[in-house]
Structures are given as C-alpha cells and as structure tokens.
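Below are the chains, spelled out letter by letter.
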Amino acid sequence: MIKYYNRKNKSYEIEKVAGEKVLNWTYASPIGMNLLEAIIKRRMCSSLYGWYLDRSISRKKINSFITKFNIDMSIVEKKLKNFSSFNDFFYRKLRSEARTIDWDSHSLISFGDGKLFAHEKIDLDRLVQVKGFTYSLRELIKDDRVAQKYNKGTCLILRLCPTDYHRYHFIDSGTCEDTKKIKGAYYSVNPVALHKVAKVFCENKREWSTFHSDHYGDVLYVEVGATCVGSIVQTYTPQKRVNRGDEKGYFKFGGSTVILFFEADKVTIDEDIVEQTKLGYESYVLIGEKIGIKQ
C-alpha cells in the first residue's frame, strides 16, 4: 500500500498501482527477486514488451486501463479511437487547457504530474532514495565537475506511476544542453522496489542534461527509466530557447522518475511538500502548479 499526500484536499490517499500483485511478488519473494535479477531488470525484457506496446494489437489494453484507473479522457488531446497502440495512448498529450501554468517568474512550478519528494541542502554523497537507502550524485550522472555545482542545493524527485501523464516539461524559459545517456538496468521505481534495491537510480538506464534557466540558475535534469520503459524520448532541441511549460520529453510505458537538482540558494520549496517529505510521504502535484519560490 502506497500512501501519498494530496495537496489540494490536504489529505492522505492510497495510490492505485498498475500490476500491484506482480510487483509485490517480484520484490518480496526469493523466486521473484531471482527472476528480477536474471530476466526482468534486463534491457531485452523491457524492449520486447515495449515492442509489443508499439504494435496496433496492444490497443485492446487501452479501454480496460482507462476503466481500472479512472483516466480522465476529457482532457486528452487525441480521441480514443485515434490511438494507434497502447504506447501511443500511454504518452498521450493533454489539451492546452487541461493544466494551468503559474507564469510568475518567482514561482517554481512542477515539471510534470506525479508524486514529489523534496530535499534541501543536500549532501552530494548521501542523496536520499528512501529511508535507509542513499546514493551519490557523482554515481548518478558520472560527472564529478557538474555534480559539485549542486552541493548544498535542492533535489526534487518526481515519480510518474503508469497511470500518470507521462510527459515532462521545462520549469522556466532558457536553453538546455545536449542530453547525456547512461546505460543501465530496468528496476521498478515504485516505492516497493526502492525499499528493496539499493541505488536504483544509479543502477537504471538514465539521461541527464543541464538547463540554463533564466531565473533559477543552472538546473540539472535527470530522467530515469524503469521496468518496461521502452524509451526515454527527448523532444526538445538542444541550445534552442524554450519557454516555461514547454515540453522537454516523454517516457514510453512504465513507471518513471524525473529528478531535478538546483544550485544552493536558488529556490525555496513550499513548506507542505518539505514537511511531507520529512514524514516520508510524497506530495501529489500537477504540471504547472507552484511548488516553491525563487530565492
């Protein structure tokens, strides 16, 4: 059971998890863990399933997914009948009016829909994955020079579960550098897995880039793949100016994570998010909503 904080209702809710029984069995049983290490975490497994989800035959999964997880199709740009595959549905675009962007340049906005942890004044060698599990930013991006810039800064971890909108966006106007790609495994990023596998973010396939924002300094974007994620797709053009709220990329099927790092003394995260993080709860946020302020 995964409990998270709903900022809008100021209450705790239980997350509906896609494939919950299989996930719990895989990460809680000896047989499941052996299967995970031997097959499930391998690229071939996720690539094969991703290949299937790109085929038209996978369309039959869409209706049941919508019904089971109560997906609001009224805010989706494309009509249901026009999706060519399950993946086409999975990384669906939303109508422009579906999300409200806070345009105040002093407001730090969420870069996607999902569950958010926020850590301030971070120790680069002891970043929190979950309680009891830490990792290093140097291990995560494999670049000591870039990592050092974010010592004592702020780290935001946005988890996108399979039922979420799976596109991620820029938090500000500015320009973004080329994406660096790091090969890795395909462990789940669900909290069940984060409590079982050390340094998941450093083990999994991931990509990172430096975003030169107009108001928040140099922001490090790290996109982390997970089980069954066929691809991390970057849709932005390197070195070309973007605006606040513009799309940066999307994930194909699977739960995924986007991690942002800010330099020290650049942002202050909203108190409720920080407090819930300290209590061990993620906060549910939507793209464009205010989650902090510029210092």
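Residues numbered from 1 in each chain as written. Predicted model: local features only at pLDDT ≥ 70, side-chain atom pairs only at ≥ 80, totals over all residues. Heavy atoms only, no water.

Trainee: Even after reading the chapter, I still don't get the nonpolar core, so can you show me in this structure?
Mentor: Nonpolar side chains in soluble globular proteins generally cluster together in the buried interior. Counting residues in each nonpolar core, the largest one holds 47 residues, and the members touching the most others are Leu108, Phe111, Leu156, Ile171, Tyr221, Leu260 and Phe262. Of all the elements, helix α4 (residues 62-69) adds the most residues to this core, at four residues. Leu260 has contacts with Phe111, Thr154, Cys155, Leu156, Ile171, Val219, Leu220 and Tyr221, leaving out every residue within four places of it along the chain. Counting residues in each nonpolar core, the second largest holds 31 residues, with Phe117, Ile182, Cys202 and Trp208 among its members. (Core = buried A, V, L, I, M, F, W, Y, C linked by side-chain atoms within 4.5 Å. Buried < 20%, exposed > 50% of the residue type's maximum accessible area, 1.4 Å probe, protein only. Helix = DSSP H or I, 4+ residues; strand = E, 2+ residues; numbered from the N terminus. Contact = heavy atoms within 4.5 Å.)

Trainee: What am I meant to see in the sheet that holds strand β18 (residues 290-294) here?
Mentor: What links the strands of a sheet is backbone hydrogen bonding, and the strands pair in either a parallel or an antiparallel sense. An order of β3-β18-β16 is seen for the three strands of this open sheet, with the pairing classed as antiparallel. Looking at which strands have only one partner, the edges of the open sheet turn out to be β3 (107-109) and β16 (267-269). For this sheet, the mean angle separating the axes of adjacent strands, direction not counted, is 35°. Bridge count between β3 and β18: three bridges; the pairing is antiparallel. Paired with Ile109 across the strands is Lys290, a residue of β18. (Pairing = 2+ DSSP bridges. Axes fitted to C-alpha atoms, helices over the stretch in contact; angles between N-to-C directions.)

Trainee: Help me out: how do you make sense of helix α10 (residues 271-279) in this one?
Mentor: Since the α-helix turns once every 3.6 residues, residues separated by three or four places project in the same direction. If you check which residues of α10 are buried, you get Ile273, Val274, Gln276 and Thr277. All buried residues of α10 lie within an arc of 165° about the axis, which places them on one face of the element. Those residues of α10 that are exposed and angled more than 90 degrees off the buried face are Glu271 and Lys278. Considering only its buried residues, α10 is in contact with β1 (3-6), β2 (11-14), β4 (114-120), β16, β17 (283-285) and β18. Gly280 lies just past α10 and shows a positive phi near 95°. (Arc of directions from axis to C-beta.)

Trainee: How do you make sense of the packing of aromatic side chains when you look at a structure like this?
Mentor: Think of a pair of aromatic rings as described by two things: how far the centres are apart, and how the planes are tilted against each other in angle. Under the definition given, this model contains 20 aromatic pairs. For the pair Tyr12 and Tyr281, a centre-to-centre distance of 4.6 Å together with 50° between the ring planes defines the contact as tilted. Of the two residues, Tyr12 is situated in strand β2 and Tyr281 in the loop between α10 and β17; the sequence distance between them amounts to 269 residues. A relative accessible area of 39% places Tyr12 in the partly exposed class. A ring pair is formed by Phe170 and Tyr221, whose centres lie 5.9 Å apart and whose planes are at 65°; its orientation type is edge-to-face. Remark: Tyr221 occurs in strand β12 (residues 218-224) and Phe170 occurs in the loop between β8 (167-169) and β9 (174-176); sequence separation between them is 51 residues. Across the pair, exposure class does not vary: Phe170 and Tyr221 are buried alike. Among the aromatic residues, ring-to-ring pairing joins Phe65, Phe69, Phe83, Phe86, Phe89, Phe90 and Phe253 into one connected group. Against the face of Tyr250 rests Arg167, its NZ or CZ located 4.4 Å from the ring centre. (Phe/Tyr/Trp six-rings, centres within 6.5 Å; stacked < 30°, edge-to-face > 60°. Lys NZ or Arg CZ within 6 Å of the ring centre and 35° of its normal.)

Trainee: Even after reading the chapter, I still don't get the sheet that holds strand β13 (residues 232-234), so can you show me in this structure?
Mentor: Ordered by their spatial adjacency, three strands build an open sheet running β8-β14-β13, and the pairing between neighbours is antiparallel. Sheet topology places β8 and β13 at the edges, where each strand pairs with a single neighbour. If you compare each strand with its neighbour and ignore which way they point, the axes differ by 20° on average. In this sheet, strand β14 (residues 247-251) lies alongside β8 in antiparallel orientation, the contact comprising three bridges. Opposite His169, over in β14, you have Glu247 as the bridge partner.

Trainee: I'm lost on the environment of Tyr216 in this one. Help?
Mentor: On the secondary structure map, Tyr216 appears in the loop between β11 (206-213) and β12. Between the C-alpha atoms of Tyr216 and Asp270, which are 54 residues apart in sequence, the distance is 16 Å. Among all residues touching Tyr216, those that are not within four sequence positions of it are Ser105, His106, Ser107, Leu108, Ile171, Asp172, Arg244, Phe262, Lys266, Val267 and Lys294. A polar contact of 3.4 Å, which involves the side chain of Tyr216, links it to the backbone nitrogen of Leu108. Here the side chain of Tyr216 touches Arg244 through a polar contact of 3.3 Å, side chain to side chain. (Polar contact = N/O pair within 3.5 Å; in protein donor to acceptor, adjacent residues only side chain to side chain.)

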